[in-house]
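The residues making up each chain are set out below.
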Amino acid sequence: MTKETDIMNRLTATAAGMLAVCSALTIASSPARAAQWPTDKPIRLVVPYPAGGNSDVIGRIFARKLGDALHQSVIVDNRPGAGGSIGAALAAKADPDGYTLLLGDIATHAINHLSMPNLSYDAQADFAPVSRLTSISLLLVINPKYKFKSVQDFITHAKAHPGQMAYATGGNGTPSQLAMEMLRGATGLDMLPIPYKGSAPALTDVVSGQVDAMIDGAATPLVKSGKLDLLAVTADRSPAFPDTPTLSEAGVPGYRFVSWHGVFAPKGTPQPIVDRLAQELQRAAQDQEVQKQLQALGIGLNTQSGPAFASFIADQRQSIEAMVKERGLKLAQ
């Protein structure tokens, strides 16, 4: 081997080693780089419901905290309509680059596929679950004219007057309908369903006495003002009404219906971005200011991410599908 050949071999080996080191550093740093968002445009959080409702309030609270944590502008984009499906479809078709997120819920990810045969998105295939945010117990409310003191008073009266009491729902395929149908199935109540286009007009008629009862998550202000009587909650005890029993505690063993909200990204969003978002959202949920704001609305916090969140949704979908089949409900709109 000549001296020149020996020198060339050493230089080649050194260059190869440096290339390997650079490649390793690039791979190691890529997740950190992928978790950063350039500030040339804001992150959009699609809220598929109108401004002013609980979903909008939740979205704005977490958007502000997320923006502070990322040093980035996070704007809320309200896209209401069709039970949340319009906004969900919009987010599902967005570029998976971390700039578009969805505030989904029990309707967009566990109910709409049952009530909308031509749904333009697939809740399981089109989204990457980032983090669950809330756990909400709906409220079983009754017009005060009845003066019921307990769930058992309500059940006893309804059974003594079959077909005479009416209950309101926010519409076909809404959580308020499904929660009441689950209660009717567990207790054998014979009541007349009255569907409305949304919770607000339904609750208005319960207050006026046009309808007798309702299960819904937006009744907190009406209960606090004394316009409706609260008998029980559908899942865990509400932070707004900690002394009110759950339906399971009040004599309907095994009953549990939980509503929720969570953040989703379009499928294909880089995992480091999904992980960073989940981390910051879970940190925001631990903030005392956030907890205080949501507690006043009767909204509990429950953060799950990744496989745990996906598993929770899958279990709820299966449970709702089984209940709909058992009750013979026709949800298709």
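Right, let's walk through the structure included here. No experiment lies behind these values; they were computed from the predicted model shown. (Residues numbered from 1 in each chain as written. Predicted model: local features only at pLDDT ≥ 70, side-chain atom pairs only at ≥ 80, totals over all residues. Heavy atoms only, no water.)

**So, empty space enclosed by the protein**
And step 1. Per the counting criterion, the structure on display carries 1 cavity of 30 Å³ or more.
And step 2. Roughly 50 Å³ of volume is contained in the largest cavity.
And step 3. Taken together, Asn54, Ile136, Ser137, Leu139, Gly217, Thr220, Ser238, Leu297, Gly298 and Ile299 make up the full set of residues lining the largest cavity.
And step 4. For the lining of the largest cavity, a count of residues per class yields 4 nonpolar, 6 polar and no charged. (1 Å grid on protein atoms, 1.4 Å probe; cavity = no way out; pocket = protein on both sides within 12 Å on 5 of 7 lines; lining within 4 Å. Points joined across faces, edges and corners; volume = space filled by probe spheres on them. Nonpolar A, V, L, I, M, F, W, Y, C, P; charged D, E, K, R; others polar.)

**A look at helix 5 (residues 151-160)**
And step 1. Within the sequence span of helix 5, burial applies to Val151, Phe154, Ile155 and Ala158. Summarising the axial view, the buried residues of helix 5 lie within an arc of 95°, below the 170-degree limit, and thus occupy one face. What points out from helix 5, more than 90 degrees from its buried face, is the exposed set Thr156 and Ala160.
And step 2. As for helix 5, its buried residues are in contact with strand 5 (139-142), helix 6 (175-187), strand 8 (213-216) and strand 9 (229-233). (Buried < 20%, exposed > 50% of the residue type's maximum accessible area, 1.4 Å probe, protein only. Helix = DSSP H or I, 4+ residues; strand = E, 2+ residues; numbered from the N terminus. Arc of directions from axis to C-beta. Contact = heavy atoms within 4.5 Å.)

**Here's the deal with the sheet that holds strand 6 (residues 166-169)**
And step 1. In spatial order, the strands read 7-6-8-5-9; together these 5 strands make up an open sheet with mixed pairing. The open sheet has two edge strands with one neighbour each: strand 7 (192-195) and strand 9. Averaged over neighbouring strand pairs, the angle between their axes works out to 25° when direction is ignored.
And step 2. With 4 bridges connecting them, strand 5 and strand 8 associate as antiparallel partners. The residue of strand 8 that forms the bridge with Ile142 is Ala213.
And step 3. Relative to strand 8, helix 7 (residues 199-208) is tilted by about 145°, and along the sheet it contacts strand 5, strand 6 and strand 8. (Pairing = 2+ DSSP bridges. Axes fitted to C-alpha atoms, helices over the stretch in contact; angles between N-to-C directions.)

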